[in-house]
Amino acid sequence: SRRTCCEVRRGPKFVVTTKTGGADWLRKPHSRMSFVRLTVALALIGILGTACSHLDISSAPLGDQMLHGTVDFHPLPPLGKTSVLVRMVDVTNDDPIVIGETTVQAAGAPPVPFTINYKASDIEPPKRVQLVVRVSVDGKLRYYNIDSYAVSPMNADRTVRVWVTPVRR
């Protein structure tokens with residue numbers, strides 16, 4: 001057989017013809033069994049679609065995201081009403097913009113868990129988003145974060161652990 005114009009490979013259920021132009025055709029022999037398999041597959045898809053139609057697979061509205069984390073501090077704050085303020089701030093421009101914030105009234109020893117709601121578009125590059133944390137006891141600032149905690153689409157799904165430092169007096 002000449003192989004200059006095309007090549008034919010035979011398999012158990014199909015024939016592939018390759019022309020020199022690079023186009024491939026897959027020809028499957030027509031049979032009654034193929035029609036029966038297709039009919040059964042479509043029937044199963046219909047049954048499964050009907051059976052699962054009662055399931056609620058809706059997700060949260062597009063753009064609603066949550067950042068989870070904890071605030072940890074040492075030494076323990078003095079006794080009193082402790083509140084933890086966590087802000088997600090866009091620091092791209094000279095005027096920082098608060099994207100989301102939460103205040104947690106801490107009861108007990110650290111770490112203090114927090115959750116901030118935000119829109120996914122608010123942390124897309126080229127924006128620079130960071131966490132700013134302040135811990136107050138009886139209304140007086142006692143701790144703050146000195147380390148930068150950047151938030152981006154690459155790490156927003158991870159739980160953040162923020163360490164805060166005591167305020168020097």
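Parameters at a glance
Residues numbered from 1 in each chain as written. Predicted model: local features only at pLDDT ≥ 70, side-chain atom pairs only at ≥ 80, totals over all residues. Heavy atoms only, no water. Core = buried A, V, L, I, M, F, W, Y, C linked by side-chain atoms within 4.5 Å. Buried < 20%, exposed > 50% of the residue type's maximum accessible area, 1.4 Å probe, protein only. Helix = DSSP H or I, 4+ residues; strand = E, 2+ residues; numbered from the N terminus. Contact = heavy atoms within 4.5 Å. pLDDT = per-residue confidence, 0-100. 1 Å grid on protein atoms, 1.4 Å probe; cavity = no way out; pocket = protein on both sides within 12 Å on 5 of 7 lines; lining within 4 Å. Points joined across faces, edges and corners; volume = space filled by probe spheres on them. Nonpolar A, V, L, I, M, F, W, Y, C, P; charged D, E, K, R; others polar. Salt bridge = Lys/Arg side-chain N within 4 Å of Asp/Glu carboxyl O. Polar contact = N/O pair within 3.5 Å; in protein donor to acceptor, adjacent residues only side chain to side chain.

## Some remarks on the nonpolar core
Alright, step 1. Val71, Val84, Val86, Met88, Leu131, Val151 and Val164 are the most contacted members of the largest nonpolar core, which has 25 residues in total.
Alright, step 2. Mapped by element, the contributors of at least two residues to this core are strand S4 (64-73), strand S5 (82-90), strand S6 (97-106), strand S7 (112-119), strand S8 (129-137) and strand S11 (160-166).
Alright, step 3. Sequence-distant contacts of Val71, defined by excluding residues within four places in its chain, comprise Val84, Val86, Pro110, Pro111, Val112, Phe114, Val133, Val135, Val162 and Val164.

## Observations concerning the confidence of the model for the protein chain
Alright, step 1. Summing up the model confidence of the protein chain, the mean pLDDT is 76 and the portion of residues at 70 or higher is 64%.
Alright, step 2. Overall, residues 1-6 carries pLDDT values under 50, and its contacts beyond four positions in sequence, including any with other chains, amount to six contacts.
Alright, step 3. Segment residues 20-27 is flagged for pLDDT under 50; beyond a separation of four residues in sequence, or across chains, it makes 16 contacts in the model.

## A short note on the layout of surface pockets
Alright, step 1. As a volume, the largest pocket reaches approximately 160 Å³.
Alright, step 2. Classifying every residue of the lining of the largest pocket by side-chain character gives eight nonpolar, three polar and no charged.

## Brief notes about the environment of Pro111
Alright, step 1. With respect to the helices and strands, Pro111 occurs in the loop between S6 and S7.
Alright, step 2. The exposure class of Pro111 is partly exposed, given its relative accessible area of 42%.
Alright, step 3. Taking the C-alpha atoms as reference points, Pro111 and Phe73, separated by 38 residues in sequence, lie 7.3 Å from one another.
Alright, step 4. Apart from residues no more than four positions distant in its own chain, Pro111 is found in contact with Thr70, Val71 and Asp72.

## Notes on unusual backbone geometry
Alright, step 1. The amide bond that connects His74 to the next residue, Pro75, takes the cis arrangement and shows omega of 0°.
Alright, step 2. In this structure, Pro75 sits in the loop between S4 and S5.
Alright, step 3. In the Ramachandran plot, Asp138 falls in the positive-phi region, its phi being about 50° despite a non-glycine side chain.
Alright, step 4. Relative to the helices and strands, Asp138 is located in the loop between S8 and strand S9 (140-144).
Alright, step 5. Classification of Asp138 by relative accessible area gives exposed; the value is 52%.

## Things to note about the side chain of Thr102
Alright, step 1. The residue Thr102 is located in strand S6 in this model.
Alright, step 2. On the accessibility criterion, Thr102 (18% relative accessible area) is buried.
Alright, step 3. The contact partners of Thr102, leaving out residues within four places of it in the chain, are Val84, Leu85, Val86, Phe114, Thr115 and Ile116.

## Brief notes about the pattern of salt bridges
Opposite charge on two side chains lets them pair, provided their charged atoms get close.
Alright, step 1. Across all of its chains, the model carries two salt bridges by this definition.
Alright, step 2. Arg161 is the partner of Asp72 in a salt bridge, and the nearest nitrogen-oxygen pair spans 2.5 Å. With a gap of 89 residues between them, Asp72 in strand S4 and Arg161 in strand S11 connect regions that are remote in the sequence.
Alright, step 3. In this structure, Glu101 and Arg87 form a salt bridge, with 2.6 Å as the shortest nitrogen-oxygen distance. Of the two residues, Glu101 sits in strand S6 while Arg87 sits in strand S5, which places them 14 residues apart along the sequence.
Alright, step 4. Since its relative accessible area comes to 43%, Glu101 is described here as partly exposed.
Alright, step 5. Judged by relative accessible area, Arg87 falls into the partly exposed class, the value being 33%.

## Notes on the environment of Thr92
Alright, step 1. Locating Thr92 in the fold gives a position in the loop between S5 and S6.
Alright, step 2. With 36 residues separating them in the primary sequence, Thr92 and Arg128 have C-alpha atoms 5.1 Å apart.
Alright, step 3. Not counting the four nearest positions on each side in its chain, Thr92 is found in contact with Pro126, Lys127 and Arg128.
Alright, step 4. Among the polar contacts made by the side chain of Thr92, one reaches the side chain of Asp90 at a distance of 2.5 Å.
Alright, step 5. At a separation of 2.8 Å, a polar atom in the side chain of Thr92 contacts the main-chain amide nitrogen of Arg128.

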